Amino acid sequence: MVLSEPYWDHHIPLPKLGPLHSRLVTAFVALICFINSYNGDFVFDDSEAIINNKDLNPDTPLSNIWKNDFWGSNLSSNSSHKSYRPLTVLTFRINYLLAGGLHPIGFHMLNVALHCVISVLMIDVFAILIGGLVHDGRGVKLNLSPKASFLAALFFAAHPVHTESVAGIVGRADLLCALFFQLSFLVYCKAFQGGDKKFSVLWIFSSILLCAVAMLCKEQGITVLIGGLVSSGLLMRLVLLFLGGSFLLYARWRIMGTGPPSFTEVDNPASFAENVILRIVNYNYYYSLNAWLLLCPWWLCFDWSMGCVPLIKSATDWRIVWPLLLWCCLMGLVYQALCSQDSNKRSLLINTLNALSKTLNISSLTFSFLAQVHYNVGKNLADRGNQSAAVKYYREAVRLHPKYVHAMNNLGNILKERNELEEAEELLSSAVHIQPDFAAAWMNLGIVQNSLKKFDKAEQSYWNAIKFRKKYPDCYYNLGRLYADLNRSIDALNAWRNATMLKPDHSLAWNNMVILLDNTGNLAQAELIGKEALKILPKDHTIMFSLANVLGKQEKYKESEGFFLNALKINPNVASCHGNLAVLYHRWGKLDLAKRHYELSLRLDPNAPGTKENYNMLKRKLEQRQRTVG
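Residues numbered from 1 in each chain as written. Predicted model: local features only at pLDDT ≥ 70, side-chain atom pairs only at ≥ 80, totals over all residues. Heavy atoms only, no water.

**As for the overall build of the protein chain**
As a reminder of what qualifies: What counts as a helix is a DSSP run of H or I of at least four residues, what counts as a strand is a run of E of at least two, and both are numbered from the N terminus. Relative accessibility decides the category of a residue: with a 1.4 Å probe and only protein chains considered, values under 20% of the type maximum give buried, values over 50% give exposed, and everything between is partly exposed.
A count of helical and extended segments in the protein chain gives 28 helices and 2 strands. Classification of the 630 residues of the protein chain by burial places 48% in the buried group.

As structure tokens, then:
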């Protein structure tokens, strides 16, 4: 049989380049189109996924990336979005390690490089989708549509719809998923080198393994198996892919804690539409919108969430035309694919429909564009310390989207820090009314109510937060502070102990336990707690300081001195540490050392409480000693 190129390939006004040259040109186009993002900063979701994500820090155990979600939250937490992407986080960690910190240029350059590689691989993918999977007598795969696959890859490389994935660092998840998606697909196709009736089980297992890697980069990686199921004709292949996919889905379900993530109306408005028909209409509208963006990407967004696309709520909404038009076009393509007399055209249309259906199924389709813009700008400003400007953007986000609970929570936090407590309480109360299981908002409401001396309400708010997020160490810490304010010492100690059990490195909880036991005269227990804390946090100078005070009161001067000096070695500019060490030396009778540290304390803080009086007492004692000696 003589193999020939599809008839349309001859009509494409491009030179027929060799495999190497077509790949170099495609990579160059991808590079030129997106290289201008190399000097961008960390923006929007980067702050949570990268800047505030402790899993990137080399000091954090590497095993944590397998226990936490994409944002650094434990997968077992009720607040986790269950977005399990450990391999993506691992690449962020490698970027951090190679650059010696959070320097965005390395993160951006890797994203651009990944886009170039993906664009090059698209030549092989399009060659199969357009020209079919054909091998010569030696089992070498042939590209029967070299111009068409090259042109399609160029369009892919330059398409503006990739802007979010390439220019936004968190888009790394999409890039890595796409890369291993492609490799899984191409490896699956490699299984048929011996013809359609003979296939390699090893290559199919390799394809399933690459699918698993794609899933560990982003959840949608599992959808590559759909292409394999559709194209495979033999029962054995179906069984292998089905079993492999089922195992991956089961593993993913177990990792999520055998429960789905909990989304709210703010996260996914279409799923909360009044009835099933409206939900279906809106889902199909999202499909049509995404299909249109592939043809005319004039309206792009860095984050399609929070009501970015208003819901269709009635049959009179003119936008209902778009899903109808989409389905008419798809049905026309199906008719052509099934009924066309031209076998080449049928093959092309069937492959196009398969690719389109996958694209529509894996698109992230959600929802108040302006509200989300204002929220992200506000969050970015707040992270940089510009709270006044952040308040303005958060207020606008809430105005545009009155049920935007995350904006309410963040705005309430800033108002709390600015001591505008009444408005903060109102905002946080609204947030928990809209979303009753919003644990973070309940905790923040408790903090505000505590500041307003509404102790009973504050306690109830804290317990509501713990009810909705069982493992919530920060909430137990704040509950302990409330009990300490109410002189309920036992309850406070129990709450702080819970915080340290849930989060062993919770420095504030450990330190507060030591201070409370010290203040209530339980010095021996305070010593035990302090030493237990330092086994977990050996470089925590605040706990060293508190423990040194406890040991000093027990007249264990030498041991106390050691902890004071270690604390000052870590942080030498703490006036209170110098002052308390001076008091220790004063009691111990080492007056010259006491004088030195009193002076250091006063130099750092001339108004340090009690230090000046103690220093004057010491000077009088030294003068008296000098007179006696004289």
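From this point, things continue past the structure.
**Here we look at the side chain of Glu561**
Here is the rule: The contact criterion used is simple: two residues touch if any of their non-hydrogen atoms lie within 4.5 Å.
With respect to the secondary-structure elements, Glu561 resides in helix H25 (residues 557–570). With residues near it in sequence (within four places) discarded, Glu561 still touches Leu581, Leu584, Tyr585 and Trp588.

**Topic: unusual backbone geometry**
For residues other than glycine, phi is negative in most cases, and the peptide bonds are mostly trans. Unlike most non-glycine residues, Asn419 shows phi in positive territory, near 65°. For Asn419, a relative accessible area of 57% gives the class exposed. Phi is positive for Glu555, close to 65°, though the residue is something other than glycine. Looking at the secondary structure, you find Glu555 in the loop between helix H24 (541–553) and H25. Classification of Glu555 by relative accessible area gives exposed; the value is 57%.

**Some remarks on helix H3 (residues 86–99)**
For clarity, the threshold we go by: One fewer than the residue count of a helix, multiplied by 1.5 Å, yields its expected span.
For H3, with 14 residues, the first-to-last C-alpha span of 20 Å sits near the 20 Å given by 1.5 Å per residue. All of the buried residues along H3 are Pro86, Leu87, Thr88, Val89, Thr91, Phe92, Arg93, Asn95 and Tyr96. On its buried face, H3 sits against helix H2 (46–51), helix H4 (104–131), helix H7 (172–190) and helix H8 (201–217). Of the residues flanking the end of H3, it is Gly100, one or two places downstream, whose phi is positive at about 70°.

**Section: the packing of helix H16 (residues 405–417) against helix H17 (residues 421–434)**
For clarity, the cut-off: Helix axes are fitted only over the stretch in contact, all axes being lines through C-alpha atoms; the angle between N-to-C directions runs from 0 to 180 degrees. An angle counts as roughly parallel when it lies under 35 degrees, as roughly antiparallel when it exceeds 145, as roughly perpendicular when it falls between 65 and 115, and as oblique in every other case. In this scheme the handedness of a crossing depends on how the near helix is turned from the far one: anticlockwise by less than a right angle means left-handed, clockwise means right-handed. Only Asp, Glu, Lys and Arg are considered charged, only Ala, Val, Leu, Ile, Met, Phe, Trp, Tyr, Cys and Pro nonpolar, and every remaining residue, Gly among them, polar.
Running from amino to carboxyl end, H16 crosses H17 at an angle of 160°, the nearest separation of the two axes being 8 Å. On the basis of the axis angle, H16 is roughly antiparallel to H17. Where H16 crosses over H17, the two elements pack in a sense that is left-handed. Listed contacts from H17 to Val405, Met408, Asn409, Leu411, Gly412, Leu415 and Lys416 of H16 are Leu421, Glu423, Ala424, Leu427, Leu428, Ser430, Ala431 and Ile434. Of the residues belonging to the contact of H16 with H17, the class tally is 10 nonpolar, 3 polar and 2 charged.

**Observations concerning the side chain of Glu527**
Filter applied, for reference: N or O atoms within 3.5 Å of each other form a polar contact, as long as, within protein, one can give a hydrogen and the other can take it, and as long as residues adjacent in sequence are counted only when both atoms are side-chain atoms.
One can find Glu527 in helix H23 (residues 523–536). Engagement of the side chain of Glu527 in a polar contact is seen with the side chain of Lys556, the distance being 2.9 Å. Ignoring any residue separated from it by four or fewer positions in sequence, one finds Glu527 in contact with Leu547, Val550, Leu551, Gln554, Lys556 and Glu559.

**Considerations on the packing of aromatic side chains**
So the rule is basically this: Stacked, edge-to-face and tilted labels apply to pairs of Phe, Tyr and Trp rings (six-membered ring for Trp) whose centres lie within 6.5 Å, assigned for plane angles under 30 degrees, over 60, and everything in between, in that order.
The full count for this structure, using the stated rule, is 13 aromatic pairs. Ring geometry for Phe42 against Phe107: centres 5.4 Å apart, planes inclined by 75°, an arrangement best described as edge-to-face. Linking Phe42 in the loop between helix H1 (19–34) and H2 with Phe107 in helix H4, this pair joins segments that are 65 residues apart in sequence. Here Phe42 and Phe107 have matching classes, each one buried. Ring centres of Tyr375 and Tyr404 lie 5.1 Å apart, and the angle between their planes is 35°; on these two criteria the pair is classed as tilted.

**Focus on the UniProt feature "transmembrane region" (unreviewed entry) in the protein chain**
Note the cut-off: UniProt positions are given in the numbering used here, feature names are shortened, and annotations may be inferred rather than shown by experiment.
UniProt's feature table lists "transmembrane region" (unreviewed entry) at residues 20–38, 112–134, 169–188, 200–216, 222–250, 283–300 and 320–338, given in the numbering used throughout. The span residues 20–38 carries 79% helix and 0% strand; its end-to-end C-alpha distance comes to 26 Å. The distance from the first to the last C-alpha atom of residues 169–188 is 30 Å, and the span holds 85% helix and 0% strand.

**Concerning the environment of Ala251**
By secondary structure assignment, the location of Ala251 is in helix H10 (residues 235–255). Separated by 39 residues in sequence, Ala251 and Ala212 have C-alpha atoms that sit 9.9 Å apart.

**Notes on the pattern of salt bridges**
In plain terms, the rule: What counts as a salt bridge is simple: a side-chain nitrogen of Lys or Arg found within 4 Å of a carboxyl oxygen of Asp or Glu.
Summed over the entire model, instances satisfying the criterion amount to 20 salt bridges. Of the charged contacts in the structure, one is a salt bridge between Glu425 and Lys454, with a shortest N-O distance of 2.9 Å. Highlighted residues: Glu425 in helix H17 and Lys454 in the loop between helix H18 (439–451) and helix H19 (455–468), separated in sequence by 29 residues. Accessibility expressed as a relative area gives 32% for Lys454, which makes it partly exposed. In this structure, the salt-bridge partner of Glu532 is Arg497, at a minimum N-O distance of 3.2 Å. One end of the pair, Glu532, is in helix H23; the other, Arg497, is in helix H21 (residues 489–502), and 35 residues separate them in sequence. The class for Glu532 is partly exposed, based on a relative accessible area of 32%.

**Brief notes about a nonpolar patch on the surface**
Note the cut-off: Candidates for patches are residues over 30% relative accessible area with no salt bridge; among them, like charges are joined within 9 Å and nonpolar side chains (Val, Leu, Ile, Met, Phe, Trp, Tyr) within 5 Å. The method behind every accessible area is Shrake-Rupley, applied with a 1.4 Å probe, and residues are considered shielded solely by the protein chains displayed.
A contiguous nonpolar patch, built from Trp292, Leu294, Leu295 and Trp298 and spanning about 500 Å² of accessible area, is present on the exposed surface. Position of Leu294 relative to the elements: it lies in helix H11 (residues 276–295).

**Regarding H4**
Given 3.6 residues to a turn, an α-helix orients residues that are three or four positions apart in the same direction. Test applied: In this analysis the local bend is the angle between axes fitted, respectively, to the seven residues ending at and the seven residues starting at the residue.
Under the 1.5 Å per step criterion, the end-to-end length of H4 is 41 Å for 28 residues, consistent within 8% with the ideal 40 Å. Of all the bends found along H4, the most pronounced is centred on Ile123 and spans about 25°. Burial analysis of H4 places 22 of its 28 residues in the buried class, the great majority of the element. The positive-phi residue at the C-terminal boundary of H4 is Gly132, with phi of around 90°.

**Looking at the state of the cysteines**
We count it as follows: The disulfide definition used here is simple: a pair of cysteine sulfur atoms within 2.5 Å.
One pass over the structure, following the stated rule, counts 0 disulfides. A disulfide-free cysteine, Cys217 has its sulfur positioned 6.8 Å from the sulfur of Cys177, the nearest such atom. Exposure remark for Cys217: the relative accessible area of 1% places this residue in the buried category. Cys328 takes part in no disulfide bond, and the closest cysteine sulfur, belonging to Cys329, lies 6.9 Å away. Judged by relative accessible area, which is 48%, Cys328 ranks as partly exposed.

**What to know about the confidence of the model for the protein chain**
For clarity, the threshold we go by: Every residue is assigned a pLDDT by the predictor, reflecting its confidence on a scale from 0 to 100.
Per-residue confidence for the protein chain gives a mean pLDDT of 84; residues scoring 70 or more make up 86%. With pLDDT under 50 throughout, residues 229–233 is counted as low confidence; its partners more than four residues away or in other chains account for 9 contacts. Within the model, pLDDT remains below 50 along residues 357–368, and this stretch shows 40 contacts once partners closer than five positions in the same chain are excluded.

**Points about the environment of Pro86**
Mapped onto the fold, Pro86 is located in helix H3. Between the C-alpha atom of Pro86 and that of Ala173, which follows or precedes it by 87 residues, the distance is 9.7 Å. Discounting chain neighbours no more than four positions away, the residues touching Pro86 are Ile65, Trp66 and Leu216.

**Some thoughts on the packing of H7 against H8**
At a minimum axis distance of 8 Å, the contact between H7 and H8 shows a crossing angle of 170°. In terms of orientation, H7 lies roughly antiparallel with respect to H8. The residues of H8 that touch H7, namely those facing Ala173, Leu176, Cys177, Phe180, Phe181, Leu183, Ser184, Val187, Tyr188 and Lys190, are Trp203, Ile204, Ser206, Ser207, Leu210, Cys211, Val213, Ala214 and Cys217. For the contact of H7 with H8, a count of residues per class yields 15 nonpolar, 3 polar and 1 charged.

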